[in-house]
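Secondary and tertiary structure notes
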Amino acid sequence: MIGYKITRRFVSSILLVVCISLTGLGFFLLNFFREHTMQKEQDNLILNARIIETTLADKLWRNDSNIIDVTNVIARDTGLRITVLDKTGRVIVDTDKPIENLDNHLLRQEIQQALSSDIGYGTAIRYSDTLHENFMYTAIPVRRNGELIGIIRTATSISVAEAAYAKIKFGILIALLLAIPIAFTLALWLASRQLKPLIHIIRTAKNISNGNLSCRIHLHTGDEFEFLGHALNKLTSTLAKKIREAQTDAQKVSMILEQMDNALMLIDTAGNIHSANRQACRLFPILQDNQPHHCLHVLGNAEFAETIRTLNQSTSMILTYRDYTFEVFLSAFQNNDDAKILAVFHDISVMHELNRRQAEFTGNAAHELATPLTSISGFAELLREDDFSSPVDSRHYADVIFQQAQRMNRLINDLLQLTKLENKTYRNQLPSKIIDCGSILQKAVNALRQKSAEKNQVVTISELADNAKIKAAPDLLEQILRNLIDNAIKYTPEHGTITVACFVRENQVICQIQDTGIGIPQESLSRIFDRFYRVDKARDRKSGGNGIGLALVKFLVELFDGSIEVTSTLGKGSNFKIFFPLIKSTTPT
Ligand code: ADP
């Protein structure tokens, strides 16, 4: 209890009040007593002086020598020191000292006062060097017919009164010393009674401020403390509710920030990363626990770092980082006197890539169309100016125009088919049914036999399973296989061999088209399925290709839940394999 400052202040206040009041009272009583005693002594001396005056006045008037004896008798009877002076201040009688030793008393304080004041007497307290104690003197003038004939002075020692005064002073001091521990105990008891509710409030408030918001004040004193307790309880409940709400909101925000697809960072103008969400830590070399130690240099982009350093409002910029392209939205804001920047990284890599591919596709398409169109317009020009003198030449011009027109037609048809297939509704309407992959392969080989015979190539069917059932559109499957066999014929020199097969392996139907042709370089293998991609543009164009065939093949294969693989050795040949899910005969259509 005493450990509390407020208790110590309360106790010391009470002690101070007690000490001051007791001391004040002591001084007052002491003073009052002194005044009273001195006044009594003084009254007594004056009274005695007046009585002595009535006895001695006549003798003084007559210069009676008997005056000395009478004065001594009175002094003996009263115990006072009596001094009689003539009107000049010369001592006629003194009951304590021989008059020869005494000088003129006219200038003594009590004598001057008695002669000059209206009250008719004078008083003084002085220390007696002879008797070594304080004396009180009173003097009254003696007059006859209004004329001053002498002065009578009475004096007494005030040492008894002073001793009594000192005793009282001591008594008061003792009382004061005794009063202090009593007052202290009393103050402590009072403090424990009066401050108990306050201490309870303080303890609970301390607990609350330490974060224990479930603490409550339980007081039933019926006074202001109880009111204060209720107010604090209400305040704590409201605070706890607000904190819970704020925590829930913060959790929601943090969940959103963590789960969002965009990377997010909080950066200061010096370039230090203060926090980053999960996505940011995944994309950039930032450790989630170590964020304040990371610096923007991890992004390795000087322009971005410079923008952050000078930013004072909101802006956006494009940032490339490794294979990613981001549109970064930057907003500057003030956080506890610190300028901070919120950076939201919107990944536009896919969009960027799409735009790039679209631009590339348009460029390629335009180029592919422009090439045959140039030939057509060139040979048509020749034909226009031809005099048809050489029918062979004229026929050649017409043939080239026809071939190039056919090529354009093929390209446009392929592109149109790809565009149509990209439409989901069109895809869903395709007449997909369970078909025998082997017989379709046989059909595709038969259709291209003539073309291979023209190049003296041998087309062999090494295996043709009769249970290779798959779910697909028959026309489109035939288109896939014809495309691959056609490529094999195109890219295999004369007298080469093309081997096809259709077999079943572990729930899969595999169609294989293998040739002994020119092969595909390793670095091109991953790109041959891209639209317009050709290994050797000039050569492959001459062979009549447009670079769309394999793109269409891959698209169609995946449309029927299949996949395509290619292996190739340059100068030795290529091997294309298509995998489709096998449809078991028991499976209903
Ligand atoms: P194209 O119509 O030009 O043949 P494709 O999309 O069918 O276009 O093929 C893309 C490219 O892949 C071809 O230009 C060719 O360079 C290469 N290619 C395709 N099939 C073969 C193959 N069997 N042997 C060697 N190269 C091939």
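Residues numbered from 1 in each chain as written. Predicted model: local features only at pLDDT ≥ 70, side-chain atom pairs only at ≥ 80, totals over all residues. Heavy atoms only, no water.

Brief notes about the overall build of the protein
- In terms of helices and strands, the protein carries 14 helices and 18 strands.
- In summary, the protein has a C-alpha radius of gyration of 65 Å against a globular reference of 25 Å for 589 residues, an excess of more than 25%.
- Once the C-alpha set of the protein is aligned to its principal axes, its extents read approximately 200 × 65 × 40 Å.
- Within the protein, the fraction of its 589 residues that count as buried is 38%.
- A separation of at least 24 residues holds for 56% of the contacts in the protein among residues at least 6 apart in sequence.
- Of the accessible surface of the protein, which amounts to about 34,500 Å², a share of 55% is contributed by carbon and sulfur atoms. (Helix = DSSP H or I, 4+ residues; strand = E, 2+ residues; numbered from the N terminus. Rg over C-alpha atoms; globule rule 2.2 N^0.38 Å. Buried < 20%, exposed > 50% of the residue type's maximum accessible area, 1.4 Å probe, protein only. Contact = heavy atoms within 4.5 Å. Areas by Shrake-Rupley, 256 points an atom, 1.4 Å probe, with all protein chains shown as cover.)

Some remarks on the layout of surface pockets
- Considering only enclosed or pocket space, the second largest pocket measures out at about 590 Å³ in volume.
- Around the second largest pocket sit 19 residues that line it, and Arg357, Glu422, Phe529, Asp530 and Arg531 are the ones nearest its centre.
- Take the lining of the second largest pocket: its biggest share by element is 8 residues, from helix H8 (residues 349–385).
- A breakdown of the residues in the lining of the second largest pocket according to their chemical character gives 7 nonpolar, 2 polar and 10 charged. (1 Å grid on protein atoms, 1.4 Å probe; cavity = no way out; pocket = protein on both sides within 12 Å on 5 of 7 lines; lining within 4 Å. Points joined across faces, edges and corners; volume = space filled by probe spheres on them. Nonpolar A, V, L, I, M, F, W, Y, C, P; charged D, E, K, R; others polar.)

A short note on the domain arrangement of the protein
- On domain assignment, one finds that the protein holds domain 1 (5–164), domain 2 (260–347), domain 3 (363–421) and domain 4 (430–581).
- Of note, the centres of domain 1 and domain 2, computed from C-alpha atoms alone, are 102 Å apart. (Domains from an automatic or database assignment.)

Structural notes on the pattern of salt bridges
- Applying the stated criterion across every chain yields a total of 22 salt bridges.
- Close ionic contact of Arg482 with Glu478 constitutes a salt bridge, the shortest N to O distance being 3.2 Å. With Arg482 and Glu478 both in helix H12 (residues 474–490) and 4 residues apart, this pair spans about one turn of that helix.
- Under the relative-accessibility criterion, Glu478 is labelled buried at 10%.
- Residues Lys554 and Glu558 are paired through a salt bridge, measuring 3.2 Å at the closest nitrogen-oxygen approach. (Salt bridge = Lys/Arg side-chain N within 4 Å of Asp/Glu carboxyl O.)

A short note on the pairing of strand E15 (residues 497–505)
- Sheet analysis places strand E13 (residues 458–464) next to E15, joined by 6 bridges and oriented parallel. In the sheet register, Thr460 faces E15, and the bridge partner there is Thr499.
- In this structure, E15 lies alongside strand E16 (residues 508–515), joined through 8 bridges in antiparallel fashion. Opposite Cys502, over in E16, you have Cys511 as the bridge partner.
- Taking the residues that link successive antiparallel strands as the turn, the E15-E16 hairpin has 2 residues, and the phi of Glu506 there is positive, at about 40°. (Pairing = 2+ DSSP bridges.)

So, the sheet that holds E15
- Within the open sheet, the 5 strands sit side by side as E13-E15-E16-E18-E17. Their pairing is mixed. The sheet is open, and its two edges are formed by E13 and strand E17 (563–569), each paired on a single side. Averaged over all pairs of adjacent strands, the angle between strand axes in this sheet comes to 15°, irrespective of strand direction.
- Seen against the sheet, helix H14 (residues 549–559) touches E17 and strand E18 (573–581) and runs at an angle of roughly 140° to E17. (Axes fitted to C-alpha atoms, helices over the stretch in contact; angles between N-to-C directions.)

Description of the sheet that holds strand E4 (residues 133–144)
- With antiparallel pairing, the 5 strands of this open sheet are ordered in space as E2-E1-E5-E4-E3. With partners counted over all chains shown, the strands left at the sheet margins are strand E2 (91–94) and strand E3 (122–128), one partner each. Pairwise comparison of adjacent strand axes, ignoring direction, gives a mean angle of 20° for this sheet.
- Note that strand E1 (residues 81–86) and strand E5 (residues 147–157) share 6 bridges and pair antiparallel. The residue bridging Leu85 from the neighbouring strand is Ile151, located in E5.

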